[in-house]
Amino acid sequence: MRHLISPLDFSVEETNDILSLAHDIYTNPSDYSDLCRGKKIATLFYEPSTRTRLSFEAAMMNMGGNALGFSSAKDSSVSKGETVADTIRIVSSYADICAMRHPKEGAPYVASRYSRIPIINAGDGGHNHPTQTFADIFTIKELKGQLADMTIGFCGDLKFGRTVHSLINELVRYTGFHFVLISPDELKLPDYVKNEVLERNHCTYTETRSLEEALPDLDILYMTRVQQERFFNEADYIRLRDTYILDEGKLAKAKKDLLILHPLPRVNEIAPEVDDDPRAQYFTQAKLAVYVRQAIILKLLGMR
Ligand code: CP
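Here goes a summary of the coordinates provided. (Residues numbered from 1 in each chain as written. Predicted model: local features only at pLDDT ≥ 70, side-chain atom pairs only at ≥ 80, totals over all residues. Heavy atoms only, no water.)

### Some words on the sheet that holds strand 4 (residues 119–124)
Spatial ordering of the open sheet is given by 2-1-3-4, a layout of four strands whose pairing is parallel. In the strand order of this sheet, the two ends are held by strand 2 (66–70) and strand 4, each with one partner. Neighbour-to-neighbour, the strand axes of the sheet open up by a mean angle of 15 degrees, direction not taken into account. Alignment of strand 1 (residues 40–45) against strand 2, held across five bridges, turns out to be parallel. What sits directly across from Thr-43, in strand 2, is Gly-69. (Pairing = 2+ DSSP bridges. Helix = DSSP H or I, 4+ residues; strand = E, 2+ residues; numbered from the N terminus. Axes fitted to C-alpha atoms, helices over the stretch in contact; angles between N-to-C directions.)

### Side note on the packing of helix 1 (residues 12–27) against helix 11 (residues 282–300)
The interhelical angle for the contact between helix 1 and helix 11, taken along N-to-C directions, is 120 degrees, at an axis separation of 8 Å. Relative to helix 11, the element helix 1 lies oblique. When the axes of helix 1 and helix 11 are compared, the crossing they make is right-handed. Residues Glu-14, Ile-18, Leu-19, Leu-21, Ala-22, Ile-25 and Tyr-26 of helix 1 pack against Leu-288, Tyr-291, Val-292, Gln-294, Ala-295, Ile-296, Leu-298 and Lys-299 of helix 11. When its residues are assigned to classes, the contact of helix 1 with helix 11 shows twelve nonpolar, one polar and two charged. (Parallel < 35°, antiparallel > 145°, perpendicular 65-115°, else oblique. Left-handed = near helix turned anticlockwise from the far one by under 90°. Contact = heavy atoms within 4.5 Å. Nonpolar A, V, L, I, M, F, W, Y, C, P; charged D, E, K, R; others polar.)

### Describing the environment of Phe-177
Of note, Phe-177 is situated in the loop between helix 6 (162–171) and strand 6 (178–182). Look at Phe-177 and you get buried, because its relative accessible area is 5%. Taking the C-alpha atoms as reference, Phe-177 lies 7.7 Å from Thr-204; in sequence the two are 27 residues apart. Sequence-distant contacts of Phe-177, that is, excluding residues within four places in its chain, are made with Leu-147, Ala-148, Asp-149, Met-150, Ile-152, Leu-171, Thr-204 and Ile-220. (Buried < 20%, exposed > 50% of the residue type's maximum accessible area, 1.4 Å probe, protein only.)

### Considerations on the packing of helix 6 against helix 7 (residues 191–199)
It is the contact of helix 6 with helix 7, at a shortest axis distance of 10 Å, that shows an interaxial angle of 15 degrees. As far as their axial angle goes, helix 7 and helix 6 are roughly parallel. Where helix 6 crosses over helix 7, the handedness of that crossing is right-handed. Taken together, the residues of helix 7 that come into contact with helix 6 (itself represented by His-165, Ile-168 and Asn-169) are Tyr-192, Val-193, Val-197 and Leu-198.

Have a look at this one:
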């Protein structure tokens, strides 16, 4: 039995196979509409979510299956003190596969140790969000036509942003990416990601505080929200939350084929006027996530 806890749980070859499968599901959805009849996904979300939980449920339903679960810890027996281990022992009898989001790093891994069904990490604290990474690279591949040889800028909260950490871990396995890390000093990419991921893989990267200076060189801009829920101090959050606001004025100097991504939800970091710019593809990114999650479900269920 396989689990998806980290983006590295699948080899590059397997990852490319999943992207190809997702492309086929995207272009021929009716071929997959009955494959999971009788199957159930449990979505155990101990932290809020819109896209991840609903797109996993939609993914299973698109293939004829069903979904069950909870959307907050307070709506489950977790609020009475039940452990992750006991919860997943029970849920293993009710569903065929489980997507779990948890505020504590490592909780989905703990679940995988006690589970009799595949566990998908749907986001654990500031650590990893592997299926968002799959959505991100699928979007890049579909819209750029390649997954190599580009300059990608990560902007905003690079310290707490688990989507950033996951995506960097994945992209270093592909060739020719140059990384531009755009953040205030307080929200810089953690040293362990720089040292153990970027440098260990001999990747080139630059760090800057200035989005305006970085923009003209970028092929992809990955904007992120300042993660209020991970701050210990409200005053620091308020001071940093509006450091970067992408608007049409700043985009005037960007490449005409820049790809603007954001894992969403956004707060203030992308002005609504940008939504109509053809370079803004974050809503497409959220839509494509459903197809790649269908592919991941099929792969983990051993059906592909
Ligand atoms: N991108 C993402 O994880 O969104 P949600 O928090 O809404 O699931």
